[in-house]
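The primary structure of each chain is shown beneath.
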Amino acid sequence: MQFTKGHGAANDFVILADPDGQLALTPSLVASLCDRHRGIGADGVLRVVRTAKHPEAVGRAADAEWFMDYWNADGSIAEMCGNGVRVFARYLAVSGLAEGASFPILTRAGLVRATIDGDTIAVDMPAPRLGAAGAATIVPLTFPGTAVDVGNPHLVSVLPDGVDLDSLDLTRSPGFDPALFPAGVNVEFVTPLPPLDGFDLHVRMRVYERGSGETLACGSGALAVAAVALHDAALDAGTVAVELLGGRLAATRTDAGWTLAGPAVLVATGEIDVSALSTID
Ligand SMILES: N[C@H](CCC[C@H](N)C(=O)O)C(=O)O
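The name given to the protein in an unreviewed UniProt entry is Diaminopimelate epimerase, and the organism recorded there is Catenuloplanes nepalensis. Within the UniProt record for the protein, the comment given under Pathway (unreviewed entry) is "Amino-acid biosynthesis; L-lysine biosynthesis via DAP pathway; DL-2,6-diaminopimelate from LL-2,6-diaminopimelate: step 1/1."

Engineer: Outline the site of the ligand, supporting the account with residue identities and numerical values.
Structural biologist: By nearness alone, 15 residues border the ligand, and Gly82, Glu209, Arg210, Gly219 and Ser220 come closest of all. One of the backbone nitrogen or oxygen atoms of Asn83 is found 2.9 Å away from an oxygen atom of the ligand. At 2.6 Å from an oxygen atom of the ligand is found a side-chain nitrogen or oxygen belonging to Ser220. Here the ligand has 360 Å² of accessible area as a free molecule, and 100% of this is covered by the chains. Of all elements in the fold, only strand 4 (66-72), helix 2 (82-94) and helix 3 (219-232) reach the threshold of two or more residues within the shell around the ligand.

Engineer: Please set out helix 2 residue by residue, giving values where relevant.
Structural biologist: The end-to-end C-alpha distance of helix 2, which contains 13 residues, comes to 19 Å, matching closely the 18 Å that a straight helix rising 1.5 Å per residue would cover. Along helix 2, the positions that sit buried rather than exposed are Gly82, Asn83, Gly84, Val85, Arg86, Val87, Phe88, Ala89, Arg90, Tyr91 and Leu92. Within two residues after helix 2, Gly96 carries a phi angle of roughly 80°, on the positive side.

Engineer: Which residues make up the packing of aromatic side chains, and what values do they have?
Structural biologist: Using the criterion set out here, one finds three aromatic pairs in the structure. Where Phe13 meets Tyr70, the ring centres are 6.2 Å apart and the plane angle is 75°; that geometry is what we call edge-to-face. One end of the pair, Phe13, is in strand 2 (residues 11-17); the other, Tyr70, is in strand 4, and 57 residues separate them in sequence. Each of the two residues, Phe13 as well as Tyr70, counts as buried.

Engineer: Go over the UniProt feature "active site" (unreviewed entry) in the protein with me, naming the residues and quoting the values.
Structural biologist: Within the UniProt annotation, "active site" (unreviewed entry) is assigned to Cys81 and Cys218. For the annotated residues, spread through 138 residues, the largest C-alpha to C-alpha distance comes to 7.7 Å, consistent with a single compact locus. Residue position: Cys81 is located in the loop between strand 4 and helix 2. Residue classification places Cys81 among the buried positions, given a relative accessible area of 6%.

Conventions and cut-offs
- Residues numbered from 1 in each chain as written.
- Predicted model: local features only at pLDDT ≥ 70, side-chain atom pairs only at ≥ 80, totals over all residues.
- Heavy atoms only, no water.
- UniProt positions renumbered as here; feature names shortened; annotations may be inferred.
- Near = heavy atom within 4 Å.
- Polar contact = N/O pair within 3.5 Å; in protein donor to acceptor, adjacent residues only side chain to side chain.
- Areas by Shrake-Rupley, 256 points an atom, 1.4 Å probe, with all protein chains shown as cover.
- Helix = DSSP H or I, 4+ residues; strand = E, 2+ residues; numbered from the N terminus.
- Expected span 1.5 Å × (residues − 1).
- Buried < 20%, exposed > 50% of the residue type's maximum accessible area, 1.4 Å probe, protein only.
- Phe/Tyr/Trp six-rings, centres within 6.5 Å; stacked < 30°, edge-to-face > 60°.

See below:
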């Protein structure tokens, strides 16, 4: 089976071209592909399938030719992946499956439009919906967090003064109330940075992703963090520079909606011997 490897700000993905939806992807196969020692290694899998050929997307073919079937590294499925859909767009453009610099892509969280500008790919994203500030507490850190829905669930905690982002142990999932997030949640920790020319706000974040653990970048998480930062600054529009371990993403709100922009690059292609993948059950 052919694959392509790509990443957006070091949030990396195995891309599987499956235009007719023939691949029998399973949680076990996805987890094996994402295994960084026994498989290819990635934070997730992007399956490229024609909208008309995916059972979850039937009827939407008129909106977009391609559907992003996103899977987390543990084999779970997620509704949205902001870095993934940007890498997906790069793949469509490079492989000639999409024409022009701007085109629609269907995701489980709805339709997004990707716009390619050299090394940068921007996507319009679902408008983040904020829950009540402080309604969710991250334990045992006991930091208050704000739930943010970006099509997928996020819990954003602005660190108290004096708490160093690098001091957080994100080798395991931060605790949260499962009653608040029955399907799990991506947890972001954010701290302000000094102003940066060309941006209204400047922050730094780390993230423990649902289904993938700590990743070097999270696009939907950057949008969730930007939404909380703009809200806390009483700004109803603006561009937030979000520094992540893997690089910088820009999250912008205008009265037309929200966009996420940053690098998206394809680094390799190869052949998978599926029979040699140890299934991780
Ligand atoms: N782990 C996330 C999906 C990937 C999100 C992230 N990689 C991004 O770029 O948005 C979830 O289960 O909702």
